[in-house]
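Summary of structural features
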Amino acid sequence: MSQDANRVHRAAQVAESGAAARVVPVRERPPGAGEVRIDVAASGICGADIGTVRDSAPAAGFPITPGHEVAGAIAELGPQVRGWDVGERVAVGWFGGSCGHCSACRTGDVVHCPERKIPGMAYPGGWSSTLTVPASALARIPEGLSLAEAAPFGCAGVTTFNALRHSGAGPGDLVAVLGIGGLGHLAVQFAAAMGYETVAVGRGEQKRQLAQELGARHYIDTERQEPGAALRELGGARLILSTASSGKPLAELVDGLAPHGRLTIVGFDGSPLNLPLAKLVMGARSVTGHLTGSPADTEQAMRFAVATGVRPRVQTVSLEEARQALDVQQDGEARFRMVLVPGA
């Protein structure tokens, strides 16, 4: 038990359906068997948090404390926890624990466990100064990353890193990233660092310089060109990674895939994908989805970032500004990840 047991912390909570997030005092929850408690230093705001805040019937009931991009230091170890020490810098992401005994877990595919826990949904999340999680959800943060930089790797970072490295694309292949937001600005950096001929696809000529700064060799402005046609002119993409929330551009964008190319979707708004099947069949193309990664994957993403200079661009705000920061995220005005800092 820590010397500060029962210390009053703060958390941004949604108390009831339709209510806004408000910062309220909370008590830390001592870790049980196999759990640790973290003193939270930074918590990123993901697009999925909008859905969490708006959920009228959350599985764990009200109040809701969102947040699944968390970085901090271990404050307490529960019974039966081995291999971790108080004071270690750790991150927790979309994966917040699993059953450990299903076929997915037993084959190492923990993120697709049917009983997978998500911070902010299965239990109180990281928009707080304290967070108690299963030790199996922890990822070590390497030296070279600040806590504010590490937080987005729990979701945006590991998602884009895994989607790219498991895509089948090889060094020198043409790889396009649709969208230059919270996910996309990391995806462009990762793609360039992995040795792909990287194409950033965005809206507006004002993003061209940003795309180049992030490492893109080419930029396609969707206000001036049909992106699928523009990719064909470049020879066709081995991979198109869609990080944008809207699925409307995808039917035309598929035309930019080379034969045997793949469209991988990591950002979506729930709308259906209207895609003529002939576009897939005639070019032997495929469409896949991708979801997050394990804590080991998150550690690899962070180590790769330290080695190659990939960094999220974050805007830090105090926990008390959670409601306003969520509005900025929802309006697409974040540049590029809003990160809540409880100690600010």
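Above: the structure in question.
Throughout what follows, the structure given in this document is the object of discussion. (Residues numbered from 1 in each chain as written. Predicted model: local features only at pLDDT ≥ 70, side-chain atom pairs only at ≥ 80, totals over all residues. Heavy atoms only, no water.)

A short note on the overall build of the chain
If you tally the helices and strands in the chain, you get 11 helices and 15 strands. Against the compact-globule benchmark of 20 Å for 344 residues, the chain has a radius of gyration of 20 Å, which places it among compact chains. Taken over the C-alpha atoms alone, the chain extends approximately 65 × 40 × 40 Å along its principal axes. Taken over 344 residues, the chain has a buried fraction of 53%. Considering only contacts in the chain between residues 6 or more positions apart, those separated by 24 or more positions represent 66%. Element-wise, carbon and sulfur atoms account for 50% of the exposed surface of the chain, whose accessible area totals about 14800 Å². (Helix = DSSP H or I, 4+ residues; strand = E, 2+ residues; numbered from the N terminus. Rg over C-alpha atoms; globule rule 2.2 N^0.38 Å. Buried < 20%, exposed > 50% of the residue type's maximum accessible area, 1.4 Å probe, protein only. Contact = heavy atoms within 4.5 Å. Areas by Shrake-Rupley, 256 points an atom, 1.4 Å probe, with all protein chains shown as cover.)

Things to note about the side chain of Gln329
Looking at the element boundaries, Gln329 is found in helix H11 (residues 322–330). When near neighbours in sequence (up to four residues on either side) are disregarded, Gln329 contacts Ile45, Gly47, Ala334, Arg337 and Met338.

Topic: the packing of aromatic side chains
Within the structure shown, the criterion is met by 4 aromatic pairs. Measuring from centroid to centroid gives 5.5 Å for Phe161 and Phe304, while their planes differ by 50°, and the two rings are tilted. Of the two residues, Phe161 sits in helix H4 (residues 156–165) while Phe304 sits in helix H10 (residues 295–308), which places them 143 residues apart along the sequence. In this structure Phe161 comes out as buried when scored by relative accessible area, which is 5%. (Phe/Tyr/Trp six-rings, centres within 6.5 Å; stacked < 30°, edge-to-face > 60°.)

Topic: the pairing of strand S14 (residues 314–318)
Taken together, the 5 bridges between S14 and strand S15 (residues 337–341) define a ladder with parallel strand orientation. The residue bridging Val314 from the neighbouring strand is Arg337, located in S15. With H11 bridging S14 and the parallel S15, this β-α-β connection has right-handed handedness. (Pairing = 2+ DSSP bridges. Right-handed = clockwise from strand over helix to strand, strands pointing away.)

Section: the layout of surface pockets
Of the voids in this model, the largest pocket is the one considered here, and its volume is about 1400 Å³. The wall of the largest pocket is formed by 42 residues, among which Thr243, Ala244, Ser245, Ser246 and Gly267 lie closest to the centre. Within the lining of the largest pocket, the residues separate by chemical class into 16 nonpolar, 18 polar and 8 charged. (1 Å grid on protein atoms, 1.4 Å probe; cavity = no way out; pocket = protein on both sides within 12 Å on 5 of 7 lines; lining within 4 Å. Points joined across faces, edges and corners; volume = space filled by probe spheres on them. Nonpolar A, V, L, I, M, F, W, Y, C, P; charged D, E, K, R; others polar.)

Comments concerning the environment of Ala137
Tracing the backbone shows Ala137 in the loop between strand S6 (130–134) and strand S7 (139–140). Spatially, the C-alpha atoms of Ala137 and Pro119 are 9.8 Å apart, while their sequence positions differ by 18 residues. When residues no more than four places from it in sequence are discounted, the contact partners of Ala137 are Ala91, Val92, Phe95, Gly96, Gly97 and Pro295.

Details of the state of the cysteines
Across all of its chains, the model carries 0 disulfides by this definition. Cys102 provides the cysteine sulfur closest to Cys105, a residue in no disulfide bond, and the two sulfurs are 3.7 Å apart. Free cysteine: Cys113, not disulfide-bonded; nearest cysteine sulfur from Cys99 at 3.6 Å. For Cys113, a relative accessible area of 3% gives the class buried. (Disulfide = S-S within 2.5 Å.)

Comments concerning unusual backbone geometry
Looking along the chain, the bond that leaves Phe62 and enters Pro63 is cis, with omega of 0°. The topology assignment puts Pro63 in the loop between helix H1 (48–54) and strand S4 (70–77). Cis geometry is found at the peptide bond from Arg335 to Phe336, where omega equals 0°. Looking at the element boundaries, Phe336 is found in the loop between H11 and S15. In this model, Gln80 sits at a positive phi of 70°, which is unusual for a non-glycine residue.

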